[in-house]
Amino acid sequence: MDSVEINKNSIASLLDSSEKSSKSDDSQESQKSALVSSLIPNILVVDDDPVIRSQLVRLYTHSGYTVVPVPSAEDALKQLADGNIDFVITDIKLPSMDGVELVAHMQENYPDVPVIAITGYSNIETAINVLKRGACDFVVKPFDLGSVQESTRAALEKTRVYMEIRHLRRYLKDGYEFGGMLSKTAEMHRLFEIIRMVAPTEMTVLIEGETGTGKELVASAVHYHSNRSKRPFVTINCAGFPETLLESELFGYEKGAFTGADHAKAGKIELAHTGTLFLDEIESMSVVMQGKLLRVLEDQKVHRLGGSRGIQVDMRVIAATNVPLKEMVSEGKMRSDFYYRINVIPIQLIPLRQRKVDIPLLVQDFIHRHPVAASKGITSVSKQVMRLLIDYPWLGNIRELQNVLERAIVLTTGRVIEAVDLPGQPDEYKQDKKRAGADAPLSDWLKEQEKQYLAQKLAISQGNIALTARNCGIGIRTLSRKMREYGLDKKSFKQKEPATERTPKRQTLISTPSRQMRGL
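Residues numbered from 1 in each chain as written. Predicted model: local features only at pLDDT ≥ 70, side-chain atom pairs only at ≥ 80, totals over all residues. Heavy atoms only, no water.

S.K.: Whenever I open this one, the sheet that holds strand β2 (residues 66-70) confuses me. Can you help?
M.R.: Hydrogen bonds between backbone groups are what pair the strands of a sheet, and the pairing can be parallel or antiparallel. One open sheet accounts for five strands, arranged β2-β1-β3-β4-β5; its pairing is parallel. In the strand order of this sheet, the two ends are held by β2 and β5 (137-140), each with one partner. Each strand axis lies, on average, 20 degrees off the axis of its neighbour in the sheet, ignoring direction. Bridge count between strand β1 (residues 42-46) and β2: five bridges; the pairing is parallel. Bridged to Val-46 within β2 is Val-70. Seen against the sheet, helix α4 (residues 73-81) touches β1, β2 and β3 (87-91) and runs at an angle of roughly 165 degrees to β1. Running over the sheet, helix α7 (residues 145-158) touches β1, β3, β4 (115-119) and β5 and is turned about 140 degrees from β3. (Pairing = 2+ DSSP bridges. Helix = DSSP H or I, 4+ residues; strand = E, 2+ residues; numbered from the N terminus. Axes fitted to C-alpha atoms, helices over the stretch in contact; angles between N-to-C directions. Contact = heavy atoms within 4.5 Å.)

S.K.: Would you mind showing me how to read the packing of helix α22 (residues 465-472) against helix α23 (residues 476-486) here?
M.R.: For any two helices packed against each other, the geometry is given by the interaxial angle and the distance between the axes. Between α22 and α23, the least distance of the axes is 9 Å, while the angle of their chain directions is 100 degrees. Comparing their axes, α23 and α22 come out roughly perpendicular. Between α22 and α23, the contacting residues are Ile-465, Ala-466, Thr-468 and Ala-469 on the first element and Ile-476, Leu-479, Ser-480 and Met-483 on the second. Taken together, the residues of the contact of α22 with α23 sort by class into six nonpolar, two polar and no charged. (Parallel < 35°, antiparallel > 145°, perpendicular 65-115°, else oblique. Nonpolar A, V, L, I, M, F, W, Y, C, P; charged D, E, K, R; others polar.)

S.K.: Would you explain the environment of Gly-252 in this entry?
M.R.: Mapping Gly-252 onto the fold places it in strand β10 (residues 252-253). Looking at Gly-252, the relative accessible area reads 0%, which means it is buried. Separated by 54 residues in sequence, Gly-252 and Gly-306 place their C-alpha atoms 9.2 Å apart. Leaving out residues up to four positions away in the same chain, Gly-252 has contacts with Glu-247, Lys-265, Ala-266, Gly-267, Arg-304 and Leu-305. (Buried < 20%, exposed > 50% of the residue type's maximum accessible area, 1.4 Å probe, protein only.)

S.K.: Sorry if this is basic, but what is going on with the sheet that holds strand β15 (residues 316-321) here?
M.R.: Spatial ordering of the open sheet is given by β9-β12-β15-β8-β16, a layout of five strands whose pairing is parallel. In the strand order of this sheet, the two ends are held by β9 (233-237) and β16 (345-348), each with one partner. Pairs of neighbouring strands in the sheet enclose a mean axial angle of 20 degrees, with direction left out of account. With five bridges connecting them, β9 and strand β12 (residues 276-280) associate as parallel partners. Each bridged residue has a counterpart across the sheet, and for Asn-237 the counterpart in β12 is Asp-280. Sitting on the sheet, helix α9 (residues 186-198) is in contact with β8 (205-208), β15 and β16, with an inclination near 155 degrees to β16.

S.K.: Help me out: how do you make sense of the side chain of Glu-450 in this one?
M.R.: Secondary-structure assignment places Glu-450 in helix α21 (residues 442-460). Exposure remark for Glu-450: the relative accessible area of 9% places this residue in the buried category. Polar contacts involving the side chain of Glu-450 include one to the side chain of Lys-482, which spans 3.4 Å. (Polar contact = N/O pair within 3.5 Å; in protein donor to acceptor, adjacent residues only side chain to side chain.)

Here's what the structure looks like:
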């Protein structure tokens, strides 16, 4: 629960929202608190005897629990896999897989879910066996319902903290997940909404963002929310092939097209027919290759190497890059017509250091999904570790965070991660630590985060005060006061090209109607 507490007490204060936004945050926090204080355990009853199942269902329902009755261990495993079970009571004698095996499986894969065994044989060996396998208690048939109720209550009380984590995790994920991406920030949720709007169309999408920000996740979300979701999603990393090999991978080749081509092969473009072609790291594509691909995109026909016949293709193109393509056009490294052909709907991803409010959410989700963490019973990170993770700049973004957590999971011996091995600290990070380090008072640390947040927003709007205030969800007077407090001058954020000239164009592109657009 440490990560959840950090999330509530520290991260929520990073953004200086308007009074309305603050009330909304308070409402969400009160909902979470109410959720934790009024948890209703989900009880799984496993018994092949319908009379026993019925008795236990009545007992637990009367006690105010949610009950899921199943007749076999195989059905129990399916319910456990969904992650919604807080307690299991199972008979030992079951068809096929018996209760002892089920208890052993739970101890290995769901160690935080308590289990009570029911046995019809009142011998000490059976009791010792199930207890050794991981059961917290056992009852002997015919059992007293009052004893079962008390044993269940005691088991749930001992593991309540893990139940709270499971329920809160489901609550957070339901509210903040989209297409495999997790975020609490308004900027990311606007991005989710853009994906929902753009996905049903046939428009080409360009995803821009730093390495490790999840560009492929965005591409797959666009595809799987589109009308082509049942069709192929073909990906190719343009930086992973030399130019000659990239051409054959994209366009395919006929038999005898070159030495070693002893059979014909369809390229990625053909394989993406009726589906989506995702071109990752498109900035590495040469100007010559850009021209060849541009012809395919315009004609919707591809010619294999060594072939003369044009093959009709129907595909949607999504491209991704981690460098500013407009600068490449200015430098002559990218054709302007190719750039404008792929940059129909631009989607800009936010670096992790600009959405630190999401770090506790990402950490909990990664630990929950990691198989080694599940087998070792790791549930969270300590407050000290969470503070380190929040302070770190994450130049490698989410991918770097996952690598750090993976190492920590492998090396951790307890159920809470107490230490992490962070990569070398960049100079910029060291300066930030000097100004507002982990040892500084919380108020100073939050002020530094607020200053960086406002500076980033001012840079995005290029010094436009009204636009920045609107994007931050605060009033112009509040923004002006905070700028004076932090020594932020709007002139230092102005650039040659004003932001107001770009914004309407992008809004127009995103809102362009399409015959295939539908609400999601």
